[in-house]
Amino acid sequence: KLERVYAAVPSSAQMNFLMGHLYFKLKDLDKAQTYYTKAASLNPRRCQTLTELGRVHLQREHYDEARKALEQAVADDNEAWMAHNLLADALLKQKEFDKARDQAELAIEKGKGAGSAAQLVLGQALANVGRDKEALQSLNSYIQTNAGNPVIPQVKDLIAQIEKRDANPT
């Protein structure tokens, strides 16, 4: 049904966004990227579209493109915690740890509880700049607020690595 409506109004930013969302849910990242990109070009000041486009680029490991889209998203709406969270992740992948930390802190602040997912990126960024005590606090906070998340075993492994590193500084 959505494709029929899209065929009638292919120049609608909203329809392109919905098509992008559909294909993202279907895990067809190529088509999702195509539709989100078109939606963003039709309405470049749309934070949600840019955030989702950034998410697609992150999943495809296109970190430069993700960063560009997400920087636009936060410029469009500085209160959008998810855009800050995903930008923090893109920056972490690019090994820009201080900038990743800053964006993760913004995501936590602006998310008012919903941004707890950013504790993971914050912890990783802090660990990478040698601020292990703060990293452990952030990672443990992530575990407490996201207990059902399937990445918890990897987070616990990271905590163990940091603790081991601190116990044996060589």
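Residues numbered from 1 in each chain as written. Predicted model: local features only at pLDDT ≥ 70, side-chain atom pairs only at ≥ 80, totals over all residues. Heavy atoms only, no water.

Counting secondary structure elements, the chain contains ten helices and zero strands. Each of the three principal axes of the chain carries a C-alpha extent, and together these read 65 × 30 × 30 Å. When the 170 residues of the chain are sorted by exposure, 43% land in the buried category. Taking all contacts inside the chain whose residues are at least 6 apart in sequence as the whole, residues at least 24 apart take part in 44%. Accessible area for the chain stands at about 9,300 Å²; split by element, carbon and sulfur atoms hold 50% of it. (Helix = DSSP H or I, 4+ residues; strand = E, 2+ residues; numbered from the N terminus. Buried < 20%, exposed > 50% of the residue type's maximum accessible area, 1.4 Å probe, protein only. Contact = heavy atoms within 4.5 Å. Areas by Shrake-Rupley, 256 points an atom, 1.4 Å probe, with all protein chains shown as cover.)

On to the packing of aromatic side chains. Taken as a whole and assessed by the stated rule, the structure comprises three aromatic pairs. Seen from their ring centres, F17 and Y36 are 5.6 Å apart, and the 50° between their planes marks the pair as tilted. On the criterion of sequence distance, the pair formed by F17 in helix α2 (residues 13–25) and Y36 in helix α3 (residues 29–42) is long-range, its members being 19 residues apart. Taken as a pair, F17 and Y36 share a single burial class, namely buried. Within the aromatic cluster, the residues linked to one another by ring pairs are Y6, Y23 and Y35. Seen from the ring of F17, R46 lies directly overhead, with NZ or CZ sitting 5.2 Å from the centre. (Phe/Tyr/Trp six-rings, centres within 6.5 Å; stacked < 30°, edge-to-face > 60°. Lys NZ or Arg CZ within 6 Å of the ring centre and 35° of its normal.)

Within the secondary structure layout, S41 lies in helix α3. Since its relative accessible area comes to 55%, S41 is described here as exposed. Taking C-alpha positions, S41 is 21 Å from A90, a pair spaced 49 residues apart along the chain.

Quick look at unusual backbone geometry now. A positive phi angle, near 65°, is found at K27, a position not held by glycine. With respect to the helices and strands, K27 occurs in the loop between α2 and α3. Its relative accessible area of 71% is what places K27 among the exposed residues. Even without being a glycine, E61 presents a positive backbone phi close to 65°. Its location among the elements puts E61 in the loop between α4 (47–59) and α5 (63–76). On the basis of relative accessibility, which here comes to 55%, the residue E61 falls in the exposed class.

The next subject is the environment of E3. With respect to the secondary-structure elements, E3 resides in helix α1 (residues 2–8). Distance in space between the C-alpha atoms of E3 and M19 is 7.7 Å, their sequence separation being 16 residues. Not counting chain neighbours up to four residues away, the residues in contact with E3 comprise M19 and Y23.

The values reported here are purely geometric and, on their own, carry no functional implication.
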